[in-house]
Amino acid sequence: MDKIKIIGGKPLNGEIEISGAKNAVLPLMTASLLTDQPLILHRVPNLRDVASLNEVLAELGTVFDYNAENKTLHLHVPTITECVAPYDLVCKMRASILVLGPLLARHGEAKVSLPGGCAIGTRPVDLHINGLQQLGAEIKLVDGYIEAKAPHGLKGANIHFPKVSVGATENIMMAATLAKGDTTLVNVAREPEIIDLGKCLIEMGAEIEGLGTDKITIHGKTFLRGTEHTVIADRIEAGTFLIAGAMTDGNLTLKNSNIMYLDSLIEPLYKAGVEVTGNKSSITVKRINKRLRGVDVMTEPYPGFPTDLQAQMMSMLTIAEGAGMVTETIFENRFMHVPELSRMGADITVHGSSALVRGVDKLKGAEVMASDLRASVSLVLAGLVAEGETIVHRIYHLERGYENIVEKLSSVGAKLELLKEKAA
Ligand code: EPZ
């Protein structure tokens, strides 16, 4: 398997262009199932997850064409030719569960493999299933598949999510756009990616009120049209590089990224002695003090501190003066990066869902293993500041969510090299 070799100690200086958001483009792609007209998405990042979801959509009758040069993805589903999303495809990319709502709404029937868990947790989908049942779907779990039927179409309902869920909000919001009558969703997730999906659905003719608040109302329509939509910038990629700039004591500017989505990161960074400035199209990061200071962070649903930046923040805390407490409240097993960071000399003690990170003067380069997407990038960040050479194994995890990360970091001074696995 491919690896990345990193020689630490180089500050990141210069400009990086931020790509379209992985967690926006995936639900946007499944929205193509809601219409028989073409959906054209711009600023689609060239990621494994995008390719995997295209495979699932093609199984269902989608004709797609992705231009990796201009980052445009054409999706067209004239008719749903198959309503089964098979296990071998869904297990590769659990966001495939987002085809369930649109398939059911458009086609009245769907058979989607249960996605199963992943490195960071069991990842249940009960909120997706309960929501669709409240919209009138008959759902059975048979041999690891979700078998859903709505022969007479879906019917609007008042749904109160017992727990905030990004994916369940997206699935049910999409399904409700073609339900008969009105649907209110209460206690919805409010991530910017959900607002981006909602805006695209409105461009397709859906009637949605309350985007960005914890209550959304959808007035069902009989059909949706195609549209062209530009995907929002990836705030998690941006946050990752802001942390990298702070760790390496560089002066880094991110183009094409909106500072307003990162308030919950900027505040702890400021407390740690890092200044972040910018506007809705560019963000700059640099240290205020010589040494970083330890701070506490706790992950929460948006607008709280993003769980997808938890591992990266922990990486920064390993070299900050003093200590910082990292508390993960969203997923039950999202500390897979801890043992690997410890192998590089980090001083981290885990107590349940909290990790106490005591800063050390220096990390030492080592061979480390990537596990999930964000844990993998936290090891790259550690390698950027570690003394000597770090080899990060299993970097296919990284390629799922970070477009051209080796090129982007190298372009601002990092010493990275992609070590391709020799063909056997
Ligand atoms: C989305 O996952 C993101 N993925 C995740 O990003 C992100 O970490 C997560 O939201 C939280 O922000 C995409 O958007 C493709 P949830 P999702 O449903 O929708 C529990 C990354 O690294 N839950 O908000 O799966 C769940 O177990 C990935 O880019 C239920 O109990 O997250 C978790 O504890 C990782 N039942 C919590 O809710 C359900 O039916 C939040 O999950 C659904 C979720």
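Residues numbered from 1 in each chain as written. Predicted model: local features only at pLDDT ≥ 70, side-chain atom pairs only at ≥ 80, totals over all residues. Heavy atoms only, no water.

Description of the pairing of strand S19 (residues 323-327)
Here is step 1: By the bridge criterion, two bridges tie strand S18 (residues 297-298) to S19 in an arrangement that is parallel. From the neighbouring strand, Val 297 faces S19, where its bridge partner is Val 326.
Here is step 2: In this view, the connection linking S18 to its parallel neighbour S19 by way of helix H10 (residues 310-317) has right-handed handedness.
Here is step 3: As paired elements, S19 and strand S21 (residues 354-358) share five bridges and run antiparallel to each other. Paired with Met 325 across the two strands is Leu 356, which belongs to S21. (Pairing = 2+ DSSP bridges. Helix = DSSP H or I, 4+ residues; strand = E, 2+ residues; numbered from the N terminus. Right-handed = clockwise from strand over helix to strand, strands pointing away.)

Some thoughts on the nonpolar core
Here is step 1: Membership of the largest hydrophobic core comes to 73 residues, with the highest contact counts inside it found for Met 29, Val 99, Leu 132, Leu 154, Met 173, Leu 185 and Leu 201.
Here is step 2: In terms of residue count, the dominant contributor to this core is helix H6 (residues 166-176) (six residues).
Here is step 3: What Met 173 contacts, discounting residues up to four positions off in sequence, is Leu 185, Ile 194, Leu 197, Gly 198, Leu 201, Ile 208, Leu 211, Ile 216 and Ile 218.
Here is step 4: Within the second largest apolar cluster, 70 residues are counted, among which are Ala 272, Val 276, Ala 346 and Ala 370. (Core = buried A, V, L, I, M, F, W, Y, C linked by side-chain atoms within 4.5 Å. Buried < 20%, exposed > 50% of the residue type's maximum accessible area, 1.4 Å probe, protein only. Contact = heavy atoms within 4.5 Å.)

Digging into the pattern of salt bridges
Here is step 1: Counted according to the given criterion, the structure contains 20 salt bridges.
Here is step 2: A salt bridge links Glu 399 to Arg 48; the nearest nitrogen and oxygen atoms lie 3.1 Å apart. In this pair, Glu 399 sits in helix H13 (residues 396-401) while Arg 48 sits in helix H2 (residues 48-59), placing the two residues 351 residues apart along the sequence.
Here is step 3: Among the ionic pairs, Glu 267 bridges to Lys 271, the shortest N-O distance being 3.0 Å. Of this pair, Glu 267 and Lys 271 both sit in helix H9 (residues 263-271), four residues apart, which is roughly one turn of the helix.
Here is step 4: Residue Glu 267 is classed as partly exposed on the basis of its relative accessible area, which comes to 46%.
Here is step 5: The network of salt bridges with common partners includes Lys 5, Glu 389 and Glu 417. (Salt bridge = Lys/Arg side-chain N within 4 Å of Asp/Glu carboxyl O.)

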